[in-house]
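Fold and contact review
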Amino acid sequence: MASLICGSLAFDNIMTFDGRFADQIMPEQIHILNVSFLVPTLRRDFGGCAGNIAYALQLLGGKPLPMAMLGDDGDGYLAHMQHLGIDTRFVKKLEDTYTAQCMITTDLDNNQITAFHPGAMMLAHQNQISKDCGAAIGIVAPDGRDAMLQHAEQLHAAGIPFVFDPGQGLPMFNGEELRHFISLATWVTVNDYEGKMLSDRTGLSFEEISKQVKGLMVTLAAEGCALWENGVQTHVPGTQAKAVVDPTGCGDAWRGGLLWGLENGRSLHDCVILGNRMGALKIASRGPQNYTLDFDPAAV
């Protein structure tokens, strides 16, 4: 089985602030916020949700099919994916635009402030999904607004079950649109912050959402994941990380584990366990696509 991964490809510029944002931002002065953070470390990595999820799934031995847009500066990213053995048939390159760029600053408490330039991602809707795309399952991850809307419709029309993963793109959609996504999706996954926003905007509780899909997964960072199936919640404990180095891309690593489990017909509970294992593995490495596998996924 192959997984069609609809989402962004981006260059991540990752910076570390050797302090705490909370010590630098005065709540009573937030209306005239003007702060500067000295970031002594800077690295540029391959990132974006589609790229990170594809990396994790390929690492596990799955079959990722990323569907995304690169700008005219994207040759290096394309070569990187091909070197990894990832099928790039649905990755297109646009002229006269940049590949999406993400500027991420992380403090000592692993809080993050992110600035994002979407670039070519805003035209990701030019990629179209058909029944003969070769995928058995899919995921709609953060991408251009039009792309997320259209790809969800196209996956549903093609009869391809998919995960709705709004992530940081969730604020782009109103309650009616989010309820429509849920009606089309087979599974929904969010983190706890996104889950609260999804519930508030749709007016649906986690219990109600889970009754409309095969499963709702709410990730809880180190605490693991709340798995909702048909209105019933199960807590799946997290996996202890060997080290906490960089949280960038942990959610995408988790989703790579989820897709591998779905590709291989595993139960949702087992999929979540594997996702938690992948998130813990990734957080011990700097950058979203620099970790290596140290376990057999079939044994998890």
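Above: the structure in question.
What comes next is a walk through the structure. Since this is a predicted model, take the numbers as computed values, not measurements.

All right, on to the sheet that holds strand β7 (residues 112-117) then. Strands belonging to one sheet form pairs held by backbone hydrogen bonds; the direction of such a pair is parallel or antiparallel. The sheet built from four strands is open, its strands ordered β3-β2-β6-β7 with mixed pairing. Edge positions in the sheet fall to β3 (41-47) and β7, since each has one partner strand and no second. Sheet twist, expressed as the mean angle between neighbouring strand axes with direction ignored, is 20°. The sheet contacts of helix α3 (residues 75-84) involve β2 (10-16) and β3, and relative to β3 the element is tilted by about 65°.

The end-to-end C-alpha distance of helix α8 (residues 250-263), which contains 14 residues, comes to 20 Å, matching closely the 20 Å that a straight helix rising 1.5 Å per residue would cover. Counting buried residues along α8, 13 of its 14 residues qualify, which places the element largely inside the surrounding structure. Phi turns positive one or two residues past the end of α8, at Gly 265, with a value near 70°.

Inspection of the secondary structure puts Ala 115 in strand β7. Residues Ala 115 and Gly 85, 30 residues apart in the sequence, show an inter-C-alpha distance of 30 Å. With near-sequence residues (within four places) excluded, Ala 115 lies in contact with Gln 101, Cys 102 and Met 103.

Our focus in this paragraph is the side chain of Asp 165. By the element assignment, Asp 165 lies in the loop between β9 (162-164) and α5 (175-184). Sequence-distant contacts of Asp 165, defined by excluding residues within four places in its chain, comprise Ile 53, Ile 139, Val 140, Ala 141, Pro 142, Thr 189 and Arg 255.

With that settled, the discussion passes to the nonpolar core. Ile 5, Leu 9, Met 217, Leu 258, Leu 259, Leu 262 and Met 278 are the most contacted members of the largest nonpolar core, which totals 40 residues. Taken together, the elements giving at least two residues each to this core come down to α2 (49-59), β4 (64-70), α3, β8 (137-140), β12 (225-229), α8 and α9 (268-283). Ranked by residue count, the leading element in this core is α2, at seven residues. Other than its neighbours up to four places away in sequence, Leu 258 contacts Val 163, Met 217, Leu 268 and Cys 271. Judged by nonpolar contacts, the second largest core, of 35 residues, contains Ala 2, Leu 4, Phe 164 and Leu 178.

Structurally, Trp 254 can be placed in helix α8. Here the alpha-carbon distance between Trp 254 and Val 272, two residues 18 residues apart in the chain, equals 8.0 Å. Those residues in contact with Trp 254 that lie beyond four places of it in its chain are Thr 189, Met 217, Thr 219, Cys 225, Val 272, Gly 275, Asn 276, Met 278 and Gly 279.

Turning next to the sheet that holds β12. With mixed pairing, nine strands are arranged side by side in an open sheet as β5-β4-β1-β8-β9-β10-β11-β12-β13. With partners counted over all chains shown, the strands left at the sheet margins are β5 (91-93) and β13 (232-236), one partner each. Pairs of neighbouring strands in the sheet enclose a mean axial angle of 20°, with direction left out of account. In terms of strand pairing, strand β1 (residues 3-6) meets β8 through four bridges, oriented parallel. Among the inter-strand pairings, Cys 6 is bridged to a residue of β8, identified as Val 140.

So, on to the packing of α5 against helix α6 (residues 192-202). Where α5 meets α6, the axes come as close as 8 Å, and the angle between the chain directions of the two elements is 110°. As the angle between them shows, α5 and α6 are arranged roughly perpendicular. Across from Gly 175, Leu 178, Arg 179 and Ile 182 in α5, the residues of α6 making contact are Leu 198, Arg 201 and Thr 202. Here the residues of the contact of α5 with α6 sort into three nonpolar, two polar and two charged.

The next subject is the packing of aromatic side chains. Under the criterion given, the structure shown has ten aromatic pairs. Relative to Phe 21, the ring of Phe 17 has its centre 5.9 Å away and its plane inclined at 5°; by these criteria the two rings are stacked. Across the pair, exposure class does not vary: Phe 17 and Phe 21 are buried alike. Taken together, the ring pairs connect Phe 11, Phe 46 and Tyr 77 into an aromatic cluster. We note Arg 44 situated over the ring of Phe 11; from NZ or CZ to the ring centre the distance is 4.2 Å. The ring centre of Phe 295 lies 4.2 Å from the NZ or CZ of Arg 277, which sits over that ring.

Right, let's get into the pairing of strand β10 (residues 187-191). The element β10 is extensively covered by neighbouring structure, given that four of its five residues are classed as buried. Sheet topology places β9 next to β10; two bridges connect them, and they run parallel. Opposite Val 163, over in β10, you have Trp 187 as the bridge partner. Handedness of the crossover joining β9 and β10 through α5: right-handed. Bridging between β10 and strand β11 (residues 215-219) involves five bridges; their strand directions are parallel. When the sheet's bridge partners are listed, Val 188 is paired in β11 with Leu 216.

Procedures and definitions
- Residues numbered from 1 in each chain as written.
- Predicted model: local features only at pLDDT ≥ 70, side-chain atom pairs only at ≥ 80, totals over all residues.
- Heavy atoms only, no water.
- Pairing = 2+ DSSP bridges.
- Helix = DSSP H or I, 4+ residues; strand = E, 2+ residues; numbered from the N terminus.
- Axes fitted to C-alpha atoms, helices over the stretch in contact; angles between N-to-C directions.
- Contact = heavy atoms within 4.5 Å.
- Expected span 1.5 Å × (residues − 1).
- Buried < 20%, exposed > 50% of the residue type's maximum accessible area, 1.4 Å probe, protein only.
- Core = buried A, V, L, I, M, F, W, Y, C linked by side-chain atoms within 4.5 Å.
- Parallel < 35°, antiparallel > 145°, perpendicular 65-115°, else oblique.
- Nonpolar A, V, L, I, M, F, W, Y, C, P; charged D, E, K, R; others polar.
- Phe/Tyr/Trp six-rings, centres within 6.5 Å; stacked < 30°, edge-to-face > 60°.
- Lys NZ or Arg CZ within 6 Å of the ring centre and 35° of its normal.
- Right-handed = clockwise from strand over helix to strand, strands pointing away.

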